[in-house]
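Chain and residue survey
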Amino acid sequence: MLSAAVDLTAKSDDDSAYCGAKSTGAILLADILPSFGIKAIAPLFINKMHYNVKVSLAILLSLVSFLMVASVSNFSLIIIGVCIAALSSGLGEVTFLAMTSHFEKSVVTAWSSGTGFAGILGATIYLALSLVLTPSQSIYIMVLVPLIEFLTYWFVLVKPATFNERNNADKPLLEDQDGPSEALILTDEAEHQRPFVKLYTTARELKYFMMSLFLVYVAEYLINQGTFEIIWFQDMAWSAAVQYRVYQVVYQVGVTVSRSSASFYHFKHVHILSILQCVNLVYFICEARFAFTPHISIILILIFWEGLLGGGCYVNSFYAIYEQVPHHKREYALGLASVSDSCGIVCAGILATFLHNYICKFRVP
């Protein structure tokens, strides 16, 4: 949906204009708010639903969203369709991320790599299709994605027996190599005040990773949805819309490369990646405002670097959580930690519209 955002907002391809009438931040908000809502409340009930039900519901919502967005032209209905896609995405992410706790540790890296490759594949396929088909026709073809997901889950995936086990342990969340950390041991009274106390306590113990994810995603999506559509080069054959789609593909390549890196190297200080992403944000805002970068190749390199930082923070945070959290708490912790990146994207979506309008008002031609 974000790769098609510039088309869904009906931005003009006229190379004499810098800014569209609507910011792609509107699509971002529609794409993340329902997802964030699902992730925020999921820890309260999600473990009571069987994986078969959750996955089937996510696939159905995805199918409906593609058909709706492709078939309507009214912007309000498009937004509703994007919201349905977001519900599917949020439910799918919290479900499959929690599902990794039933497999060996390498599956966390495989999950991260898979989501990265999905981004590349989706953005690249949409870019290729949009060069020869209309946006609506391209989205109709993307209906194949939920159908493939259905076949993969029901007929390809080998499901472990632990899928049917309940999460029934109430032990300390984080442990070090010598045993439970005294600072992280929950009192008996707090343990019995679930689910809200459990949610608060878990979030407090994971705050380093959750804050790092929040910050990197705020900066990342402010860049993508607040500046990408404004940064374009007139001395090229590509239209502004095509350049936007290329930016999305390059970004996804960077994300995929870094999300696949945990198999070879684990970077523990993820807050550094968040800080570097904020530096990226400053550069892109300045570029969108003053247009000083001499060639698009520089922008493409920086977008690749942006993807590396975002994907690196994501995979290393979840890899560390997987390693540090005992098995009996791992499913809950992974699902809860996924809320932080969605919260960051929500904040970015709100700020992106204001940033877009400010830059378009004062942009130096």
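**Brief notes about the overall build of the protein**
In terms of regular secondary structure, the protein is built from 14 helices and two strands. Counting the 365 residues in the protein, one finds 52% classified as buried. The contacts of the protein with a sequence gap of at least 6 include a subset with a gap of at least 24, amounting to 82%. Per element, the accessible surface of the protein, about 16400 Å² overall, is 68% carbon and sulfur.

**Digging into a nonpolar patch on the surface**
Nonpolar side chains collect at one region of the surface, where Phe150, Leu151, Trp154, Phe155 and Val156 lie side by side and expose about 530 Å² of accessible area between them. With respect to the helices, strands and loops of the structure, Phe150 is situated in helix H7 (residues 144-156). Owing to a relative accessible area of 39%, Phe150 belongs among the partly exposed residues under this scheme.

**Observations concerning helix H10 (residues 207-226)**
Compared with the 28 Å implied by 1.5 Å per residue over 20 residues, the 27 Å span of H10 between its first and last C-alpha is a close match. Most of H10 is tucked away: 15 of the 20 residues are buried.

**Quick look at the environment of Asn280**
Summarising the element assignment, Asn280 is placed in helix H12 (residues 270-290). Dropping the residues within four chain positions of it, Asn280 is found in contact with Ile223, Leu302, Trp305, Glu306 and Leu309. There is a polar contact of 3.1 Å between the side chain of Asn280 and the side chain of Gln277.

**Description of the nonpolar core**
Core analysis: the biggest nonpolar cluster contains 74 residues, and Leu8, Tyr221, Tyr247, Phe284, Ile303, Phe318 and Ile321 have the highest contact counts within it. In terms of residue count, helix H14 (residues 327-362) provides more of this core than any other element does, twelve residues in total. Contacts of Tyr247, omitting those with residues within four sequence positions, involve Phe228, Ile231, Trp232, Phe233, Ile296, Ile299, Leu300 and Ile303.

**A short note on the packing of aromatic side chains**
Aromatic ring pairs are defined here through the distance separating the ring centres and the angle between the ring planes. All told, the structure shown has ten aromatic pairs when counted by the stated rule. Between Phe150 and Phe155, the aromatic rings sit 6.3 Å apart at their centres with planes inclined by 75 degrees, giving edge-to-face as the arrangement. Judged by its relative accessible area of 63%, Phe155 is exposed. The ring of Tyr51 carries the charged tip of Lys54 above its face, separated from the ring centre by 4.2 Å. The cationic tip of Arg259 hangs over the ring face of Tyr314; the distance from NZ or CZ to the ring centre is 3.8 Å.

**Observations regarding helix H3 (residues 51-71)**
Over its 21 residues, H3 extends 31 Å from the first C-alpha to the last, a length consistent with the 30 Å expected when each residue adds 1.5 Å. Of the residues making up H3, those classed as buried are Tyr51, Lys54, Val55, Ala58, Ile59, Ser62, Ser65, Phe66, Val69 and Ala70. For H3, the buried positions fall inside an angular range of 130 degrees around the axis, keeping them on one side.

**Quick word on the packing of helix H11 (residues 240-259) against helix H13 (residues 296-324)**
Pairs of packed helices are described in terms of their axes, by the angle between the two and the distance that separates them. Look at H11 against H13: their axes get within 7 Å of each other, and the N-to-C directions meet at 40 degrees. By the criterion of interaxial angle, the relationship of H11 to H13 is oblique. For H11 against H13, the interelement crossing comes out right-handed. Residue-level contacts link Gln243, Val246, Tyr247, Val250, Tyr251, Val253, Gly254, Val255, Val257, Ser258 and Arg259 of H11 to Ile296, Ile299, Leu300, Ile303, Phe304, Glu306, Gly307, Leu308, Gly311, Gly312, Tyr314 and Val315 of H13. Grouping the amino acids of the contact of H11 with H13 by side-chain chemistry returns 15 nonpolar, six polar and two charged.

**A closer look at the packing of H3 against helix H4 (residues 75-99)**
For the pair H3 and H4, interaxial distance at closest approach is 8 Å and the crossing angle is 155 degrees. Taken together, H3 and H4 sit at an angle that is classed as roughly antiparallel. Once H3 is placed against H4, the crossing between them reads as left-handed. Per-class residue counts for the contact of H3 with H4 are 19 nonpolar, six polar and one charged.

**What about the confidence of the model for the protein?**
Residues at a pLDDT of 70 or more form 84% of the protein, whose mean pLDDT is 81. Scored below 50 in pLDDT, residues 11-17 shows 13 contacts in the model against residues more than four places distant or in partner chains. When the criterion is pLDDT under 50, residues 168-191 qualifies, and its contacts beyond four places in sequence or with other chains add up to 42 contacts.

**Some thoughts on the environment of Ser274**
For Ser274, the location among the structural elements is in helix H12. Separated by 35 residues in sequence, Ser274 and Leu309 have C-alpha atoms that sit 7.4 Å apart. In this structure Ser274 touches Ser212, Leu215, Val216 and Cys313, once residues within four positions along its chain are discounted.

**Looking at the side chain of Thr95**
Secondary-structure assignment places Thr95 in helix H4. From its side chain, Thr95 meets the backbone oxygen of Leu91 in a polar contact 2.6 Å long. Not counting chain neighbours up to four residues away, the residues in contact with Thr95 comprise Tyr51, Lys54 and Val55.

Cut-offs used in this document
- Residues numbered from 1 in each chain as written.
- Predicted model: local features only at pLDDT ≥ 70, side-chain atom pairs only at ≥ 80, totals over all residues.
- Heavy atoms only, no water.
- Helix = DSSP H or I, 4+ residues; strand = E, 2+ residues; numbered from the N terminus.
- Buried < 20%, exposed > 50% of the residue type's maximum accessible area, 1.4 Å probe, protein only.
- Contact = heavy atoms within 4.5 Å.
- Areas by Shrake-Rupley, 256 points an atom, 1.4 Å probe, with all protein chains shown as cover.
- Patch = residues over 30% accessible without salt bridge, like charges linked within 9 Å, V, L, I, M, F, W, Y side chains within 5 Å.
- Salt bridge = Lys/Arg side-chain N within 4 Å of Asp/Glu carboxyl O.
- Expected span 1.5 Å × (residues − 1).
- Polar contact = N/O pair within 3.5 Å; in protein donor to acceptor, adjacent residues only side chain to side chain.
- Core = buried A, V, L, I, M, F, W, Y, C linked by side-chain atoms within 4.5 Å.
- Phe/Tyr/Trp six-rings, centres within 6.5 Å; stacked < 30°, edge-to-face > 60°.
- Lys NZ or Arg CZ within 6 Å of the ring centre and 35° of its normal.
- Arc of directions from axis to C-beta.
- Axes fitted to C-alpha atoms, helices over the stretch in contact; angles between N-to-C directions.
- Parallel < 35°, antiparallel > 145°, perpendicular 65-115°, else oblique.
- Left-handed = near helix turned anticlockwise from the far one by under 90°.
- Nonpolar A, V, L, I, M, F, W, Y, C, P; charged D, E, K, R; others polar.
- pLDDT = per-residue confidence, 0-100.

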